[in-house]
Amino acid sequence: MIIQKKGYALNDIVTFKLTNGEEMIAKFIEDTDREFVISRPMTLVPTQNGGLAMRQTVFSADLNTHNVSLQKTSVSLTGLPRTEI
């Protein structure tokens, strides 16, 4: 497993590449031994014209008022997203 040890700051926007191949962008809240605590995760999806769009990762949770935990065992790498994203 490759995890970039950058030491992200509170409210940084971070890209997470998951072990299932999906890519997610979220606001970084906290890094613990076993999980990333994130806010408002969005999944990147390809569009018909070859571009990228973002969709809500979890539809049934109130992501505007609650943070979520992303297990580190589900993450293959992390990084800062490109500015155009």
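Since the model is a prediction, treat every value here as computed from it, not as a measurement.

Undergrad: So what exactly am I meant to see when it comes to the environment of Ile-38 here?
TA: Mapped onto the fold, Ile-38 is located in strand S3 (residues 35-46). Sequence separation of Ile-38 and Leu-70 is 32 residues, and the distance between their C-alpha atoms is 7.2 Å.

Undergrad: In this structure, what is going on with the packing of aromatic side chains? I would like to understand it.
TA: Geometrically, a pair of aromatic rings is defined through the distance of the ring centres and the angle of the planes. Inspection of every chain in the model, using the stated rule, returns two aromatic pairs. If you follow Lys-72 out to its NZ or CZ, it ends over the ring of Phe-36, 5.0 Å from the centre.

Undergrad: Where do I start with the pattern of salt bridges in this structure?
TA: Side-chain pairing between opposite charges can occur once the charged atoms of the two side chains come close. All chains considered together, the criterion is met by one salt bridge. With its nearest N and O atoms 2.4 Å apart, the salt bridge here joins Asp-31 to Lys-72. With a gap of 41 residues between them, Asp-31 in strand S2 (residues 23-31) and Lys-72 in the loop between strand S5 (68-71) and strand S6 (75-79) connect regions that are remote in the sequence. Judged by relative accessible area, Lys-72 falls into the buried class, the value being 9%.

Cut-off values and rules
- Residues numbered from 1 in each chain as written.
- Predicted model: local features only at pLDDT ≥ 70, side-chain atom pairs only at ≥ 80, totals over all residues.
- Heavy atoms only, no water.
- Helix = DSSP H or I, 4+ residues; strand = E, 2+ residues; numbered from the N terminus.
- Phe/Tyr/Trp six-rings, centres within 6.5 Å; stacked < 30°, edge-to-face > 60°.
- Lys NZ or Arg CZ within 6 Å of the ring centre and 35° of its normal.
- Salt bridge = Lys/Arg side-chain N within 4 Å of Asp/Glu carboxyl O.
- Buried < 20%, exposed > 50% of the residue type's maximum accessible area, 1.4 Å probe, protein only.

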